[in-house]
Every structure is written in C-alpha cells, then in structure tokens.
Amino acid sequence: AMKELALVEVYDISVNPKGWERWNPFGKWRIILKTLPKPDWMIGAGHSTHFPMALTRWRYGGRSVVIMKPSLPIKWFDWAIIPEHDQPSSLPNIIPARGALNRMRHSISKPGNQGLFLIGGPSKHTNWDEVDLGDQILHILQNSQGISWELTTSRRTPPGFIKFLGQKIEAKCSVGGAAIDFSCGEY
C-alpha cells in the first residue's frame, strides 16, 4: 500500500526465530540488515518481529510500526496498530484497528449483486459454533435473492466446516427450488 502512495524500496526480512534465537542480538536477521540501507520505516507483525524491530530501531534508527498488541513495552515502538478487540490503551502512538488489515481495496465499480463471506475460525478472541454460523449464513442466503455469493476460508477454519455448510445449504435451499451456488477459496 505504501508503494501506491510514494516511491519506496521494500525489503522483506523473515524473522521467525525460536527459543534463544529470538533474543539473540547477533541473529541471522542482523547479518541481513548489514547489507541493506538504514531503514526509514520498519513494519512488523507477529511476536517474533518485536525484538528484532526494537533492536534495529535502536541500532540503525528509523521508525517502527508493530501491527498487533506488542509483547514488549509499547514505548519501544513509534506506532502500534492494535485490534479493538485487544482493548488497546488510549496512547498517542496507538492506532486502534477495527477488523483485519488486508489487501482488499474499495471499488466503486463493484456490481450490487455480489456478496462475500470471509470465514475465520476459532481463536482466543471468539467462540466457534458451526451450527450457529451455518444458520446465520443460511439466513443471509435466503433473504438476499439475486445476490451471487462467494465464500472464502482462512487457515483457522475447521476442515469440515465447508462440507457441513454445503450439506446445510443443500438441505434447506433445494426444498424451495432456490439455486445457491458458492465458490470457496482461502483468504
């Protein structure tokens, strides 16, 4: 998204250390940093990025943005984009986020007869009830005639949910003669 707004060079550095390597200030990511220009911005998501970003900011400068509630003190980062469900503090360097950050862009040319279900899965923030979710999706399908729906899942979606939903839709919707067709993918 930054590339759409300005001329930038992006370097993607994978930092996924385990155990001691996570806290090792001489880790593999440090070797990579020495070959790159000093950063203006560092953006990271995932707990394994926090210490490397904080250390890089201290050593090389630049501004840091963590995209989640950090596991280190918030003052170690310039900005934190934290989901509202994590109940972030009201600090000047915290930007509360509603919903998931994603690559989707608003389009004014979207036809009005298309809909999209983004199906997640169980997490520490939500309960998972496939029967209730299936009922909700079925209710939307039955009350939105003329809409072409696409459904996509995530890595957290339980493996049997699509089959369960398909059977539920087939059982309820074929009775009234409605043809419901949905395609599936993973977001």
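What you see is a predicted model; the values in this text were computed from it and never measured.

So, on to the sheet that holds strand β1 (residues 41-44). Strand order in the open sheet made by the four strands is β1-β2-β3-β4, with parallel pairing throughout. Both outer strands of the open sheet, β1 and β4 (94-97), are each paired with one neighbouring strand and no more. On average, adjacent strands in this sheet sit at an angle of 15° to one another, irrespective of strand direction. Sheet topology places β1 next to strand β2 (residues 63-66); four bridges connect them, and they run parallel.

In this section: the nonpolar core. Formed by 16 residues in total, the largest nonpolar core has its most connected members in Trp29, Met53, Val66, Leu72, Phe77 and Ala80. At the level of secondary structure, the elements contributing two or more residues to this core comprise α3 (28-33), α4 (50-60) and β3 (79-83). A per-element tally of this core places α4 first, with five residues. Excluding residues within four positions of it along the chain, Val66 makes contact with Gly44, His50, Met53, Phe77, Trp79, Ala80 and Ile81. Core analysis: the second largest hydrophobic core is formed by 12 residues, Phe117, Ile119, Ile137 and Trp149 among them.

If you walk through the whole model with that rule in mind, you get three salt bridges. For Arg98, the salt bridge is made with Glu84, and the minimal N-O distance between the two is 3.2 Å. Here Glu84 lies in the loop between β3 and β4 and Arg98 lies in the loop between β4 and β5 (114-119), a separation of 14 residues in the sequence. Classification of Glu84 by relative accessible area gives partly exposed; the value is 37%. The salt bridge partner of Asp135 is Lys168, with a shortest N-O separation of 2.8 Å. Of this pair, Asp135 sits in helix α5 (residues 130-142) while Lys168 sits in helix α6 (residues 161-173), and the two are 33 residues apart along the sequence. For Asp135, a relative accessible area of 37% gives the class partly exposed.

So, about a positive patch on the surface. On the surface, a cluster of positive charge is contributed by Lys69, Lys124, Arg155 and Arg156. Topologically, Arg156 is positioned in the loop between β6 (148-153) and α6. Note on Arg156: relative accessible area 43%, which makes it partly exposed.

What counts, and where the lines are drawn
Residues numbered from 1 in each chain as written. Predicted model: local features only at pLDDT ≥ 70, side-chain atom pairs only at ≥ 80, totals over all residues. Heavy atoms only, no water. Pairing = 2+ DSSP bridges. Helix = DSSP H or I, 4+ residues; strand = E, 2+ residues; numbered from the N terminus. Axes fitted to C-alpha atoms, helices over the stretch in contact; angles between N-to-C directions. Core = buried A, V, L, I, M, F, W, Y, C linked by side-chain atoms within 4.5 Å. Buried < 20%, exposed > 50% of the residue type's maximum accessible area, 1.4 Å probe, protein only. Contact = heavy atoms within 4.5 Å. Salt bridge = Lys/Arg side-chain N within 4 Å of Asp/Glu carboxyl O. Patch = residues over 30% accessible without salt bridge, like charges linked within 9 Å, V, L, I, M, F, W, Y side chains within 5 Å. Areas by Shrake-Rupley, 256 points an atom, 1.4 Å probe, with all protein chains shown as cover. Lys, Arg positive; Asp, Glu negative; His and termini not counted. Charge placed at Lys NZ, Arg CZ, Asp CG, Glu CD.

Interpretation in functional terms is not warranted from these geometric data alone.
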